[in-house]
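Here are the chains, one letter per residue:
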Amino acid sequence: METPAAIPFHRPYITEDEISEVLDSLYAGWLTMGPKTIAFEAKYREYIGSRNAVSMNSCTACLHLALKAVNIKKGDEVIVPAITFAATAEVVTYFHATPVFVDVDEGTHTIDVSKIEEKITKKTKAIIPVHYAGQPCDMDEILDIAKKHGLFVIEDAAHAVPAWYKERKIGTIGDITCFSFYATKSLTTGEGGMATTENDEWAERMSILRLHGISKDAWKRYTNEGSWYYEVAESGYKYNMTDIQAGLGLAQLKKVDWMWHQREEIARKYAEAFQSMDEITPPRVKSDRKSAWHLYVIKLNPAAVNLDRKQFMEELKERGIGTSVHFIPLYRHPYYRDTFRYTPQGFPVSERVYERIVSLPIYPGMTEGDIERVAESVRDVVRRHRR
Ligand SMILES: *Cc1c(COP(=O)(O)O)cnc(C)c1O
């Protein structure tokens, strides 16, 4: 029998729609921020239901300018979950401020809201909750804590388009919400990001800062109504999106709900295949929220299965199945460990979670056969290593 083709961990869903949008920009000769970027922002605002949407060249840039908009300063402290991508904490260090890590919840891998207040000091200015894997954090509790202590809530929604918390769409809840359109994310522009907010002043400040602090967007300068004249209001950055990226975004946005349904369906099939297996714990989503299903993260149960995560991933790889790990806890990285003196002892749950987590493929474009093959391979590998 022929060996079936490998199933990669991720593949973006790109069709003729995306290709023709990009070609359109190339033929028009307008490559950087212009009409498509403006249209993408308008459509995104409409899709999320937010008052403002400011596009940038990454979610990292959005997180940076969001912290800048709320005036994070040197010496401030910002609360960040211990398990997230480097970008969430890195942006805090841009200000010579301190990322203060909080352990995660064992069930959802989102920030443990019962452990936030003990980390708050007079220097704390903001909380950056991360909607891990696409599951919204405990936003009511986070907003209550923020209100009580006068903190800003900047959401890292890199995994969360679309996701809902108690019927409210992610992007309309905290002070500023930052989305990622990186190549592996649930809506992609290759590289890109969007910051949504109800606050017009913050939106205006972010849109000025994303383009050199210039008080008018450059694209307006080149239209008939515009002119060559511009003013630099403050020292800014080169963070703008391009029309090539926005074209991809416009095409992706048209199918973003369909892609979400595809992932939800895959998650449902995995859940069915893994139910009542004590070797692994499938992800759990709380009943009052809906996950974007950006990631499908299972945990190995060391009490029931006699193989470690590395071996498990290798055996799946031998069967042609790509997997990944999200994420190495931040306090384990040399930079955070050495600069802020973090040790694993402070994060017992993150330690337990980290050793056991594996992310399985979940993306539109997986066939029925792919989904079954992943599920069957996982079942087979762990069963061969039952204790
Ligand atoms: C991908 C990711 C980011 C960064 O997004 P970019 O668009 O690549 O800057 C931030 N936070 C989390 C949790 C991510 O997974």
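**Considering the overall build of the protein chain**
Working step 1: Assigned secondary structure in the protein chain consists of 13 helices and 13 strands.
Working step 2: For the protein chain, whose C-alpha radius of gyration is 22 Å, the value lies close to the compact-globule estimate of 21 Å for 387 residues.
Working step 3: For the protein chain, buried positions account for 56% of its 387 residues.
Working step 4: Partitioning the intrachain contacts of the protein chain with sequence separation of at least 6 by distance along the chain shows that 73% fall at a separation of at least 24.
Working step 5: On the protein chain, roughly 17200 Å² of surface is accessible, and the fraction owed to carbon and sulfur atoms is 51%.
Working step 6: Side chains of the protein chain carry 50 positive and 54 negative charges; the gap between the two charge centres is 3 Å.

**Quick word on unusual backbone geometry**
Working step 1: A cis geometry characterises the amide bond from Val 161 onward to Pro 162, with omega recorded as -5 degrees.
Working step 2: With respect to the helices and strands, the residue Pro 162 is situated in the loop between β5 (152-156) and β6 (164-165).
Working step 3: Note that the residue after His 326, namely Phe 327, is joined by a cis bond; omega there is 5 degrees.
Working step 4: Tracing the sequence through the fold places Phe 327 in the loop between α10 (309-318) and α11 (334-340).
Working step 5: A positive phi is found at Ser 276, a non-glycine position, where the angle reads about 55 degrees.
Working step 6: Mapped onto the fold, Ser 276 is located in the loop between α9 (256-274) and β10 (280-281).

**Focus: the confidence of the model for the protein chain**
Working step 1: Of all residues in the protein chain, 97% have pLDDT values of 70 or greater, and the mean over the chain is 96.
Working step 2: Ranking the elements of the protein chain by mean pLDDT puts helix α7 (residues 218-221) last, at 58, and strand β8 (residues 176-180) first, at 99.

**A word on the packing of helix α2 (residues 35-48) against helix α8 (residues 243-254)**
Working step 1: Orientation of α2 relative to α8, taken along the N-to-C sense of each, is 35 degrees, at an axis distance of 8 Å. Crossing angle aside, the handedness with which α2 passes α8 is left-handed. Mapping the contact onto sequence places Pro 35, Lys 36, Thr 37, Ala 39, Phe 40, Lys 43, Tyr 44 and Tyr 47 in α2 and Asp 243, Ala 246, Gly 247, Gly 249, Leu 250 and Leu 253 in α8.

**A few points about the packing of aromatic side chains**
Working step 1: Per the counting criterion, the structure on display carries 22 aromatic pairs.
Working step 2: The interplanar angle of 70 degrees and the centroid separation of 5.5 Å between the aromatic rings of Tyr 44 and Phe 181 together place this pair among those described as edge-to-face. Of this pair, Tyr 44 sits in helix α2 while Phe 181 sits in the loop between β8 and β9 (193-197), and the two are 137 residues apart along the sequence.
Working step 3: Relative to Phe 340, the ring of Tyr 336 lies with its centre 6.1 Å away and its plane at 20 degrees, an arrangement referred to as stacked. Here Phe 340 and Tyr 336 lie together in helix α11, a separation of 4 residues that amounts to about one turn.
Working step 4: For Tyr 336, a relative accessible area of 6% puts it in the buried group.
Working step 5: Members of the aromatic cluster, joined through ring pairs, are Phe 101, Tyr 331, Tyr 335, Tyr 336, Phe 340, Tyr 342 and Phe 347.
Working step 6: Cation over ring: Lys 169 sits above Tyr 47, and NZ or CZ is 3.4 Å from the ring centre.
Working step 7: Residue placement shows Lys 290 over the ring face of Trp 164; its charged tip is 5.7 Å from the ring centre.

**Details of the pairing of β8**
Working step 1: Of all 5 residues in β8, 5 are buried; the element is thus mostly enclosed.
Working step 2: Alternating residues of β8 divide into Ile 176, Cys 178 and Ser 180 and Thr 177 and Phe 179, and every residue in both groups is buried.
Working step 3: Bridge count for β5 against β8 is 3 bridges, and the pairing is parallel. Bridge pairing in β8 places Glu 155 opposite Thr 177.

**A closer look at the layout of surface pockets**
Working step 1: Approximately 540 Å³ is the volume attributed to the largest pocket.
Working step 2: If you go around the largest pocket, you meet 33 residues; those closest to its centre are Phe 85, Tyr 182, Thr 184, Lys 185 and Phe 327.
Working step 3: Those elements giving two or more residues to the lining of the largest pocket turn out to be α3 (59-69) and α4 (86-93).
Working step 4: Taken together, the residues of the lining of the largest pocket break down into 17 nonpolar, 13 polar and 3 charged.

**Considering the site of the ligand**
Working step 1: Lining the immediate environment of the ligand, one finds 16 residues, of which Thr 60, Asp 156, His 159, Ser 180 and Lys 185 sit closest.
Working step 2: Separating an oxygen atom of the ligand from a side-chain N or O atom of Ser 180 is a distance of 2.7 Å.
Working step 3: Burial of the ligand by the protein amounts to 93% of the accessible area it has alone, namely 380 Å².
Working step 4: Here the ligand occupies the largest pocket.
Working step 5: Partitioning the shell around the ligand into residue classes produces 7 nonpolar, 7 polar and 2 charged.

**Points about the nonpolar core**
A general feature of soluble globular proteins is that nonpolar side chains tend to end up buried together.
Working step 1: If you look at the biggest cluster of nonpolar residues, it comprises 75 residues, and the most contacted ones within it are Phe 40, Tyr 44, Phe 101, Ile 116 and Ile 176.
Working step 2: Beyond its immediate sequence surroundings of up to four residues, Phe 40 is in contact with Phe 181, Leu 187, Thr 189, Met 194, Met 241, Ala 246, Gly 249, Leu 250 and Leu 253.
Working step 3: Core analysis: the second largest hydrophobic core is formed by 31 residues, Tyr 296, Met 313, Ile 321 and Ile 371 among them.

Calculation criteria
Residues numbered from 1 in each chain as written. Predicted model: local features only at pLDDT ≥ 70, side-chain atom pairs only at ≥ 80, totals over all residues. Heavy atoms only, no water. Helix = DSSP H or I, 4+ residues; strand = E, 2+ residues; numbered from the N terminus. Rg over C-alpha atoms; globule rule 2.2 N^0.38 Å. Buried < 20%, exposed > 50% of the residue type's maximum accessible area, 1.4 Å probe, protein only. Contact = heavy atoms within 4.5 Å. Areas by Shrake-Rupley, 256 points an atom, 1.4 Å probe, with all protein chains shown as cover. Lys, Arg positive; Asp, Glu negative; His and termini not counted. Charge placed at Lys NZ, Arg CZ, Asp CG, Glu CD. pLDDT = per-residue confidence, 0-100. Axes fitted to C-alpha atoms, helices over the stretch in contact; angles between N-to-C directions. Left-handed = near helix turned anticlockwise from the far one by under 90°. Phe/Tyr/Trp six-rings, centres within 6.5 Å; stacked < 30°, edge-to-face > 60°. Lys NZ or Arg CZ within 6 Å of the ring centre and 35° of its normal. Pairing = 2+ DSSP bridges. 1 Å grid on protein atoms, 1.4 Å probe; cavity = no way out; pocket = protein on both sides within 12 Å on 5 of 7 lines; lining within 4 Å. Points joined across faces, edges and corners; volume = space filled by probe spheres on them. Nonpolar A, V, L, I, M, F, W, Y, C, P; charged D, E, K, R; others polar. Near = heavy atom within 4 Å. Polar contact = N/O pair within 3.5 Å; in protein donor to acceptor, adjacent residues only side chain to side chain. Sits in = over half its atoms within 2 Å of the grid points. Core = buried A, V, L, I, M, F, W, Y, C linked by side-chain atoms within 4.5 Å.

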